[in-house]
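Coordinates in review
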Amino acid sequence: QGEQNISDVLDAKKIQTISEVFHQVETLSIRTEINELLDDMKDRGAEAIPEIQKAVPDAYFVFAGPDRYSPTGGSTRKEIEHYLAKSSVDSHQVSFLGQVPWSKLRACYTKAAVVTAPTLYEDYPYAVVEPMACGAAVVSSDCYGIPEIVNHGVTGLLSKMGDAQDLARQIIDLLKNPAKRRQLAEAGKKFIREECSPERVASLTTQVYHAVTGRT
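Below is a short write-up of the structure. Every value quoted in this text rests on a predicted model; they were computed, and no experiment measured them.

To continue, consider the overall build of the protein chain. A count of helical and extended segments in the protein chain gives 10 helices and six strands. Counting the 216 residues in the protein chain, one finds 50% classified as buried. Here the contacts in the protein chain between residues at least 6 apart in sequence split such that 68% fall between residues at least 24 apart. With an accessible surface of roughly 10,900 Å², the protein chain has 50% of that area assigned to carbon and sulfur atoms.

In this structure, Ile52, Leu84, Val94, Val139, Leu174 and Leu175 are the most contacted members of the largest nonpolar core, which totals 27 residues. At the level of elements, helix H3 (48–55), strand S2 (61–64), helix H4 (76–86), strand S3 (94–98), helix H8 (164–176) and helix H9 (178–195) are the ones that each hand at least two residues to this core. In terms of residues, this core owes the most to one element, H8, which gives seven residues. When neighbours within four sequence positions are excluded, Ile52 is seen to be in contact with Ala59, Phe61, Ala168, Ile171, Ile172 and Leu175. Judged by nonpolar contacts, the second largest core, of 25 residues, contains Val62, Tyr109, Ala127 and Ile192.

Moving on, we come to the packing of aromatic side chains. Counted by the stated rule, this structure contains one aromatic pair. Taken together, a centroid distance of 4.9 Å and an interplanar angle of 10° make the contact between Phe63 and Phe96 stacked. In this pair, Phe63 is assigned in strand S2 and Phe96 in strand S3, connecting sequence segments 33 residues apart. Summarising the burial analysis for this pair, Phe63 and Phe96 share the class buried.

This next bit is on unusual backbone geometry. Glycine aside, a negative phi is what most residues show, and trans is what most peptide bonds show. The backbone phi angle of Ser88 is positive, close to 65°, even though this residue is not glycine. Within the secondary structure layout, Ser88 lies in the loop between H4 and S3. Here the phi dihedral of Tyr144 falls at roughly 50°; this positive angle occurs in a residue that is not glycine. Along the chain, Tyr144 falls in the loop between strand S5 (138–141) and helix H7 (146–149). On the basis of relative accessible area, Tyr144 is assigned to the exposed category, the value being 60%.

We now examine the packing of H3 against H8. Where H3 contacts H8, the two axes come as close as 8 Å, and the packing angle between them is 30°. The orientation of H3 with respect to H8, classified from their angle, is roughly parallel. At the point where H3 passes H8, the crossing takes the right-handed sense. Within the contact between the two elements, H3 uses Ala48, Glu51, Ile52 and Ala55 and H8 uses Ala164, Leu167, Ala168, Ile171, Ile172, Leu175 and Lys176. Here the contact of H3 with H8 is composed, by residue class, of nine nonpolar, no polar and two charged.

Estimates place the volume of the second largest pocket at around 190 Å³. Surrounding the second largest pocket, Asp123, Tyr124, Pro125, Gly145, Glu148, Ile149, Phe191, Glu195, Cys196, Val201 and Leu204 form its lining. Class assignment of the residues belonging to the lining of the second largest pocket gives a composition of seven nonpolar, one polar and three charged.

All right, on to the pairing of S5 then. The sheet contact formed by strand S4 (residues 114–117) and S5 spans three bridges and is parallel. Looking at S5, one finds that Thr116 is bridged to Val139. Regarding the hand of the β-α-β motif, the stretch spanning S4, helix H6 (residues 126–133) and S5 is right-handed.

Right, let's get into H8. Across its 13 residues, H8 extends 18 Å between first and last C-alpha, which sits within 8% of the 18 Å expected from 1.5 Å per residue. Listing the buried residues of H8 in full gives Ala164, Asp166, Leu167, Ala168, Gln170, Ile171, Ile172, Leu174 and Leu175. Regarding H8, its N-cap is Asp163, as a side-chain oxygen of that residue lies 3.1 Å from the backbone nitrogen of Gln165 further along.

Rules used throughout
Residues numbered from 1 in each chain as written. Predicted model: local features only at pLDDT ≥ 70, side-chain atom pairs only at ≥ 80, totals over all residues. Heavy atoms only, no water. Helix = DSSP H or I, 4+ residues; strand = E, 2+ residues; numbered from the N terminus. Buried < 20%, exposed > 50% of the residue type's maximum accessible area, 1.4 Å probe, protein only. Contact = heavy atoms within 4.5 Å. Areas by Shrake-Rupley, 256 points an atom, 1.4 Å probe, with all protein chains shown as cover. Core = buried A, V, L, I, M, F, W, Y, C linked by side-chain atoms within 4.5 Å. Phe/Tyr/Trp six-rings, centres within 6.5 Å; stacked < 30°, edge-to-face > 60°. Axes fitted to C-alpha atoms, helices over the stretch in contact; angles between N-to-C directions. Parallel < 35°, antiparallel > 145°, perpendicular 65-115°, else oblique. Left-handed = near helix turned anticlockwise from the far one by under 90°. Nonpolar A, V, L, I, M, F, W, Y, C, P; charged D, E, K, R; others polar. 1 Å grid on protein atoms, 1.4 Å probe; cavity = no way out; pocket = protein on both sides within 12 Å on 5 of 7 lines; lining within 4 Å. Points joined across faces, edges and corners; volume = space filled by probe spheres on them. Pairing = 2+ DSSP bridges. Right-handed = clockwise from strand over helix to strand, strands pointing away. Expected span 1.5 Å × (residues − 1). Polar contact = N/O pair within 3.5 Å; in protein donor to acceptor, adjacent residues only side chain to side chain.

Structural data, given as structure tokens:
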């Protein structure tokens, strides 16, 4: 199977989760690292997607972003497909969109019940800022700069870094609680608009420069 048509997937499916798992810098701000998480899932036996599917049988998973080489030199997508097949995940409930153009990115975010970014490192987390700005509920990792954007239980949910079982628990929580999902999504969107606007970021950056240089 080749990469699936984005419009067909978005129109035909009741999308439950979109997982930004392939590395892409040129076109999208997608910086989450599925390779390390997948290795961690294998080592610990913590199977996020199978656990989610058991708890929410109609969950539909969408991977956005182009394929890339895995640490073993193969295709990350093929390794994920192989792993999910061994875990008895229904392949009809998983889609790989490939590279998503900007014109389609907002639709991906707004169609998803949950956007998850299970990254192991992040400075300024565009992978959560962008979906939050579009009004999506997010689940991400509690590492580096992410907690500065995602206030757990207020503007989104955080899972323990590298813990696929905890990631599954957080996603299941949102999928089973639409009211909570909407509340976090609205709070997250408000936070991004107020605290992460270009004007706000420029002002804060200027303050830092002034503090360092002693100029006003």
